[in-house]
Amino acid sequence: MKNDLEVKIKSILENGPQISEDQVRSLMILIRKSIELLGDPDKQRYLILNLFCNWCAHTKIDQSNTGLRILAKVNDALFEVKNSQDSFETQSKLSQAIGYVSLRKELISFLNNTNLIGYLEVNTPGNDLWGHILTHLLEIIRDVPLEFPSISDLDETKKNIYKQIIKNAIKPGWGVLSMKIEKIDYSQLKSPFTGELLSLRIGFDGNRNTIVVPLLLNIALI
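As for the packing of aromatic side chains
Two aromatic rings are characterised by how far apart their centres lie and by the angle between their planes.
Thought 1: Applying the stated rule across the entire model yields four aromatic pairs.
Thought 2: Arranged with centres 5.7 Å apart and planes meeting at 90 degrees, the rings of tyrosine 46 and phenylalanine 110 form a pair that is edge-to-face. Linking tyrosine 46 in the loop between helix H3 (40–43) and helix H4 (47–55) with phenylalanine 110 in helix H7 (residues 100–112), this pair joins segments that are 64 residues apart in sequence. The same class applies to tyrosine 46 as to phenylalanine 110, namely buried.
Thought 3: Ring plane angle 75 degrees and centroid distance 5.8 Å describe the contact between phenylalanine 148 and tyrosine 162, whose orientation is recorded as edge-to-face. Remark: tyrosine 162 occurs in helix H9 (residues 156–167) and phenylalanine 148 occurs in the loop between strand S1 (146–147) and H9; sequence separation between them is 14 residues.
Thought 4: Of the residues examined, tyrosine 162 reaches a relative accessible area of 22% and is grouped as partly exposed.
Thought 5: Here the basic side chain of lysine 171 rests over the ring of tryptophan 174, its NZ or CZ set 4.3 Å away from the ring centre.

What follows is the structure, encoded as structure tokens:
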């Protein structure tokens, strides 16, 4: 089974920049199956990668400790820039916090350990495989929320993540409890941004209060 999965993963990657959204979805499913075959110590090396694989296959993510830790990182990023007037700094911090920089590093590591070396390590003009994978991936997980389950149902690990968020809330009652990627038409808003942009909608206080911030995709191309 392991060899069969490797062959199928390689055949998808060989499409290069012509890779399609459906192929990226299949790629993430194949990778998830491959991770399931690993021993527990090795699985720990791919927590972000496995989260994004699962994100592609569900309509909501609310039980993943890795996912909730991303919410904590988003919360910490907002806490860091809460007094900043620099919109680029806010975009940059949040785009890093949601995990796709770490995702690329883990994906490269996974491929290298699967004898599929070099596919994502060098991106040249016109041959940006990672950029195409990321674009399709964000479209696949678009509108799929990452959120806390009911606070009353939290186990000890999730409670600790929640406490960390509340401790660093950007203001009382404004801790990050959910997020999802959306396309936002900024021409309809009083905003310095224009046009339709892929953005992060961040929810506080049971989603009664939200903010949206445009994402920076090129920050993941490192």
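Now that the structure has been shown, the text picks up again.
Here's the deal with the pattern of salt bridges
Thought 1: Summed over the entire model, instances satisfying the criterion amount to 14 salt bridges.
Thought 2: A salt bridge links lysine 60 to aspartate 62, with the shortest nitrogen-to-oxygen separation between them at 3.7 Å.
Thought 3: Taking relative accessible area as the criterion, aspartate 62 reaches 17% and is therefore assigned buried.
Thought 4: Note that glutamate 147 and lysine 60 form a salt bridge whose closest N and O atoms lie 3.8 Å from each other. Highlighted residues: glutamate 147 in strand S1 and lysine 60 in the loop between H4 and helix H5 (65–81), separated in sequence by 87 residues.
Thought 5: With relative accessibility at 17%, the residue glutamate 147 sits in the buried group.
Thought 6: Look at the salt bridges and you will find they share partners, linking Glu139, Arg142, Asp143 and Lys183 into a network.

Side note on the environment of lysine 43
Thought 1: Locating lysine 43 in the fold gives a position in helix H3.
Thought 2: Residue lysine 43 is classed as partly exposed on the basis of its relative accessible area of 27%.
Thought 3: Setting aside anything within four residues of it in sequence, one finds lysine 43 in contact with Ile35, Glu36 and Leu38.

About the criteria used
- Residues numbered from 1 in each chain as written.
- Predicted model: local features only at pLDDT ≥ 70, side-chain atom pairs only at ≥ 80, totals over all residues.
- Heavy atoms only, no water.
- Phe/Tyr/Trp six-rings, centres within 6.5 Å; stacked < 30°, edge-to-face > 60°.
- Helix = DSSP H or I, 4+ residues; strand = E, 2+ residues; numbered from the N terminus.
- Buried < 20%, exposed > 50% of the residue type's maximum accessible area, 1.4 Å probe, protein only.
- Lys NZ or Arg CZ within 6 Å of the ring centre and 35° of its normal.
- Salt bridge = Lys/Arg side-chain N within 4 Å of Asp/Glu carboxyl O.
- Contact = heavy atoms within 4.5 Å.

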